[in-house]
Amino acid sequence: MAEPRQGLVLRFQRRFLAARPLRSLPWPELEQSLRTAPDSELLADILDKTILHPLCVKYPPSAKYRRCFLTELIKKLESTAAEPLDELYEALADVLKEEESTHCYKNYLLPSGDSVSLSESTALISGGTTGLVTWEAALHLAQWALQNPGLFRDRTILELGSGIGFTGIAICKTCQPRTFIFSDCHPHVLRQLGENVRLNGFVPEPDVTWSIQTESQGQEVEGEKCQNPKVIVAELDWGSVTEEQLLGLRAEVVIAADVVYDPEIILTLIGMLQKLSTSRADRKAPEVFIASTIRNPDTYQLFQAELDKAGIRWQMIPAHSSCDFLYDVQPDVTILQLFM
């Protein structure tokens, strides 16, 4: 019985640390286990791997989330003949003393054993932007990248619409890029993005300008080039960026997630991609991958039609039907490779 129990505890841990919806946690399996063998030790183990986990202590989910989680755990305990567990009540008392914040943390455990911690807004739309939360396509794109590390190793990556940074940070931690350029256009998002990059142990290049990528790039001392990627956080407005500025980035791979959600944005994005394709001088065109959650099929079909109109070939990349970073609803996410 030890293995299933340990598996149950780890499922609680991964979902709780990532602050996935409470309904997605394996409550029925916990009830079943407690019915079979009423045991407060199992709940103590779950408490230890969630609320008391060092990541949660340092970067906690919202107070409301933790309060609801602990309340549910206590209900499960009280519905069995298991011994009372003082630590559960003490943890709830501590959370009840906290004031609710406008920001919270989510912690994603990577297959490598590392983790990505993100500070997020507790509101879906905050400061006039949807960029202050992590969207599903970013999680899917990160999983796909982690399964294809060779595409990113020792290369310069440009991420469009980085949001608060999950995909790029996961790639920086596991895929050994030479340079990773996070980009967005909203001031609030850029500020949060910079914070999250630093939170995860990376130091963005200071006073970044578009000319920062020079001919000397890539001439690092042998053996040092992949140890800690150069990280850049840049403001990039798709409508106003010039071909010369894009050329200066020297991007070899371009990625984006959840950027295809509005017809007006689609046209601006394709205009920027066209600039990217004509700004490569004598270098090979970058490889481009765009992940999208298909919420409105008409909008997505418009994106494909506009790509065709612009002469940009595309193909769908087979993606896994499930994502390790999503533990509840698996949305309809596709990844397109564009040929510039």
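Residues numbered from 1 in each chain as written. Predicted model: local features only at pLDDT ≥ 70, side-chain atom pairs only at ≥ 80, totals over all residues. Heavy atoms only, no water.

### Focus: the overall build of the protein chain
Within the protein chain one finds 12 helices and 9 strands. Scored against the burial criterion, the 340 residues of the protein chain give a buried share of 51%. Surface exposure of the protein chain reaches about 16000 Å², of which carbon and sulfur atoms provide 51%. (Helix = DSSP H or I, 4+ residues; strand = E, 2+ residues; numbered from the N terminus. Buried < 20%, exposed > 50% of the residue type's maximum accessible area, 1.4 Å probe, protein only. Areas by Shrake-Rupley, 256 points an atom, 1.4 Å probe, with all protein chains shown as cover.)

### What to know about helix H3 (residues 40–49)
Within H3 the residues assigned to the buried category are Ser 40, Leu 42, Leu 43, Asp 45, Ile 46 and Leu 47. Here H3 starts with a cap whose side-chain oxygen sits 2.8 Å from the backbone nitrogen of Glu 41, and that cap is Asp 39. (Polar contact = N/O pair within 3.5 Å; in protein donor to acceptor, adjacent residues only side chain to side chain.)

### Looking at the sheet that holds strand E6 (residues 253–257)
The sheet built from 7 strands is open, its strands ordered E5-E4-E3-E6-E7-E9-E8 with mixed pairing. In the strand order of this sheet, the two ends are held by strand E5 (230–235) and strand E8 (313–317), each with one partner. Pairs of neighbouring strands in the sheet enclose a mean axial angle of 20 degrees, with direction left out of account. Bridge analysis of strand E3 (residues 156–160) against E6 gives 4 bridges, and the strand direction is parallel. Within E6, the position partnered with Ile 157 by the bridge is Val 253. Strands E3, strand E4 (179–184), E5 and E6 of the sheet are contacted by helix H8 (residues 166–174), whose axis makes an angle of about 175 degrees with E4. The sheet strands contacting helix H11 (residues 263–278) are E3, E6, strand E7 (287–293) and strand E9 (333–339), and the helix crosses E7 at an angle near 165 degrees. (Pairing = 2+ DSSP bridges. Axes fitted to C-alpha atoms, helices over the stretch in contact; angles between N-to-C directions. Contact = heavy atoms within 4.5 Å.)

### Considerations on the confidence of the model for the protein chain
Across the protein chain, the average pLDDT comes to 86, with 84% of residues at or above 70. Low pLDDT (under 50) marks residues 125–132, which in the prediction has 20 contacts with non-local residues, meaning those over four places away or in another chain. Ignoring residues within four places in sequence, the model shows residues 211–227, a span with pLDDT below 50, making 23 contacts including any to other chains. (pLDDT = per-residue confidence, 0-100.)

### As for the pattern of salt bridges
For the structure shown, the criterion picks out 16 salt bridges. We note a salt bridge from Glu 306 to Lys 309, for which the minimum N-O separation is 3.3 Å. Placement of both Glu 306 and Lys 309 in helix H12 (residues 297–309) is noted, with a separation of 3 residues, approximately one turn of the helix. Residue classification places Lys 309 among the exposed residues on the basis of a relative accessible area of 65%. Residues joined in a network through salt bridges with shared partners are Glu 31, Glu 72, Lys 75 and Lys 76. (Salt bridge = Lys/Arg side-chain N within 4 Å of Asp/Glu carboxyl O.)

### Things to note about the nonpolar core
Judged by nonpolar contacts, the single largest core of 39 residues is most densely connected at Trp 144, Phe 152, Phe 182, Ile 255 and Phe 289. Per-element accounting of this core gives the leading share, 8 residues, to helix H7 (residues 136–147). Among the nonpolar cores identified, the runner-up in size contains 32 residues, and Ile 51, Tyr 65, Phe 69 and Leu 70 belong to it. (Core = buried A, V, L, I, M, F, W, Y, C linked by side-chain atoms within 4.5 Å.)

### Observations concerning unusual backbone geometry
Of note in the backbone geometry, Asp 154 takes a positive phi value of approximately 60 degrees without being a glycine. Tracing the sequence through the fold places Asp 154 in the loop between H7 and E3. Of note, the phi angle at Gln 176 is positive, near 55 degrees, even though the residue is not glycine. Take Gln 176: it is sitting in the loop between H8 and E4. For Gln 176, a relative accessible area of 34% gives the class partly exposed.

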